[in-house]
Structure formats: structure tokens, C-alpha cells
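For reference, the chains in residue letters:
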Amino acid sequence: MTVPGSIEVYLPDSDDDLITPDGGYLVNSVPLLDQLTGFGVRVEIELENTGSDTLDIAASFRLAPASDSANIYDGNNDVALAEAAASLAPSSTQTVVLEASLAQGDPNLDLITGDGFRIGLDVRATGSSTVRYRLTGFALTLSQRPFDLIVP
């Protein structure tokens, strides 16, 4: 993708327009979300500057309630759980890692309810060059007390 000064890309894309923010990905088929005790995420993005000028790259992983379907990147009822930045020299490659965890008692864990939750990733590039990006790793961990699974 050619960066003409700055560009922002949103993943996953639910409306076939990568540069328009939307509701991200809805996770709603996980049983017993209302008894969650922890949440963790790790995302790895490989970035390659194939152009001749330096690029500044920033990325964030977003978490929002299921009801936030219009824009999970606007700061209303959503949160940036993990952020990373890199300066990418011409003809170089770098991997950025976004990692976060939530434990019981963290108010951001309240965004995850029995109705589900939304996740998304935005990658911003600033400069005048060409960048390739590739998602090379993604892990999402949901924790629950084991005895909560036993229903009398």
C-alpha cells in the first residue's frame, strides 16, 4: 500500500472498506462469557517498508462491547488495550507486537458480556513510502474459574 502522507487501515474489515472504521469483529459464540475472570491478547504484525523514505507506524488493538457496532475506534464505549509504534527505515522489515491482559476486577473486563464483545486492530502509517503489512500471529485467551463450568 502506498502511503501518500498518512493512511489508517482497520482490521478485520466488516464493510469491504479497509480505510473506514467500523464495528470490528463480533465474538459472540463463546459460552459463559458472563463468568469470565480474565482476557488476554497477543498480536504480531510484520511491517516492510518497500519504498525509499522512512515511515512511522503505529498500531492498536481495540476492545468494545457487542453493542458498539458503528465504530470501535472512536473512544466511545471502546478501549485501546494494546498499542505499539515503530519507525521503519527504507527497505527494512520489523515486527511489532501488541500484547495485553485483563484480570478480574479490571473495569475493561466489563466490556465483555454474555452478549459478546468486539475486537479490532488499526494500523496507521505516516510518511511518503510504500508499506506491506502481514498479520503473523494472533492469540486470544479467555479465562474462567474451572468450577464455574459445573452447573448443578
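Cut-offs applied
Residues numbered from 1 in each chain as written. Predicted model: local features only at pLDDT ≥ 70, side-chain atom pairs only at ≥ 80, totals over all residues. Heavy atoms only, no water. Helix = DSSP H or I, 4+ residues; strand = E, 2+ residues; numbered from the N terminus. Buried < 20%, exposed > 50% of the residue type's maximum accessible area, 1.4 Å probe, protein only. Polar contact = N/O pair within 3.5 Å; in protein donor to acceptor, adjacent residues only side chain to side chain. Contact = heavy atoms within 4.5 Å. Pairing = 2+ DSSP bridges. Patch = residues over 30% accessible without salt bridge, like charges linked within 9 Å, V, L, I, M, F, W, Y side chains within 5 Å. Areas by Shrake-Rupley, 256 points an atom, 1.4 Å probe, with all protein chains shown as cover. Salt bridge = Lys/Arg side-chain N within 4 Å of Asp/Glu carboxyl O. Core = buried A, V, L, I, M, F, W, Y, C linked by side-chain atoms within 4.5 Å. Phe/Tyr/Trp six-rings, centres within 6.5 Å; stacked < 30°, edge-to-face > 60°.

Enquirer: I would appreciate a short explanation of the side chain of Asn71 in the present structure.
Expert: Secondary-structure assignment places Asn71 in the loop between strand S4 (55-65) and strand S5 (79-88). Given the relative accessible area of 18%, Asn71 is considered buried. One polar contact links the side chain of Asn71 to the main-chain amide nitrogen of Tyr73, over a distance of 2.8 Å. Dropping the residues within four chain positions of it, Asn71 is found in contact with Pro21, Asp22 and Asp78.

Enquirer: Help me understand the pairing of strand S7 (residues 117-143) in this model?
Expert: For a regular strand, side chains alternate in direction, first toward one face of the sheet and then toward the other. As paired strands, strand S2 (residues 25-27) and S7 are joined by three bridges and run antiparallel to one another. Along S7, the bridge assignment pairs Leu26 with Arg118. Summarising the sheet, strand S3 (residues 38-49) and S7 pair through 12 bridges and their orientation is antiparallel. Bridge pairing in S7 places Glu44 opposite Gly137. Direction of pairing for S4 relative to S7: antiparallel, over a ladder of 11 bridges. Each residue of the ladder has a partner; that of Ala64, found in S7, is Arg118.

Enquirer: So what exactly am I meant to see when it comes to a nonpolar patch on the surface here?
Expert: A cluster of nonpolar side chains, contributed by Leu135, Phe138, Leu140 and Leu142, occupies part of the molecular surface with about 320 Å² of accessible area. By the secondary structure assignment, Phe138 is in strand S7.

Enquirer: I tried to follow the pattern of salt bridges on my own but got confused; where do I start?
Expert: Proximity of charged atoms lets side chains of opposite charge pair with each other. For the coordinates displayed, the defined rule picks out six salt bridges. With a shortest N-O distance of 3.9 Å, Glu48 and Arg132 are connected by a salt bridge. Of this pair, Glu48 sits in strand S3 while Arg132 sits in strand S7; the two residues are 84 residues apart in sequence, bridging distant segments of the chain. Here the salt bridges share partners, and the residues they tie into one network are Arg42, Glu44 and Glu99.

Enquirer: Can you help me understand the nonpolar core in this one?
Expert: Burial of nonpolar side chains together is a common tendency in soluble globular proteins. If you look at the biggest cluster of nonpolar residues, it comprises 32 residues, and the most contacted ones within it are Phe39, Ile45 and Leu63. Residue assignment for this core shows that the elements contributing at least two residues are S3, S4, S5, strand S6 (92-103) and S7.

Enquirer: Which parts of the structure should I look at to understand unusual backbone geometry?
Expert: Leaving glycine out, the prevailing phi sign among residues is negative, and the prevailing peptide bond configuration is trans. We note that Asn77 has phi near 65°; this positive angle belongs to a residue other than glycine. Take Asn77: its relative accessible area is 59%, and that puts it in the exposed class. The backbone of Ser91 sits at a positive phi, close to 55°, despite the residue not being glycine. Secondary-structure assignment places Ser91 in the loop between S5 and S6. Residue classification places Ser91 among the exposed residues on the basis of a relative accessible area of 65%.

Enquirer: Sorry, what's going on with the environment of Asp110 here?
Expert: Turning to its location among the elements, Asp110 is positioned in the loop between S6 and S7. It is 9.4 Å that separates the C-alpha atoms of Asp110 and Leu36, two residues lying 74 residues apart in sequence.

Enquirer: So what exactly am I meant to see when it comes to the packing of aromatic side chains here?
Expert: Aromatic ring pairs are reported here in terms of the distance separating the ring centres and the angle at which the planes meet. Counted under the stated rule, the structure contains one aromatic pair. A centroid spacing of 5.9 Å and a plane angle of 85° characterise the contact between Phe39 and Phe117, whose relative ring orientation is edge-to-face. Here Phe117 lies in strand S7 and Phe39 lies in strand S3, a separation of 78 residues in the sequence. For the pair shown, Phe39 and Phe117 are each scored as buried.

Geometry only, nothing functional implied.
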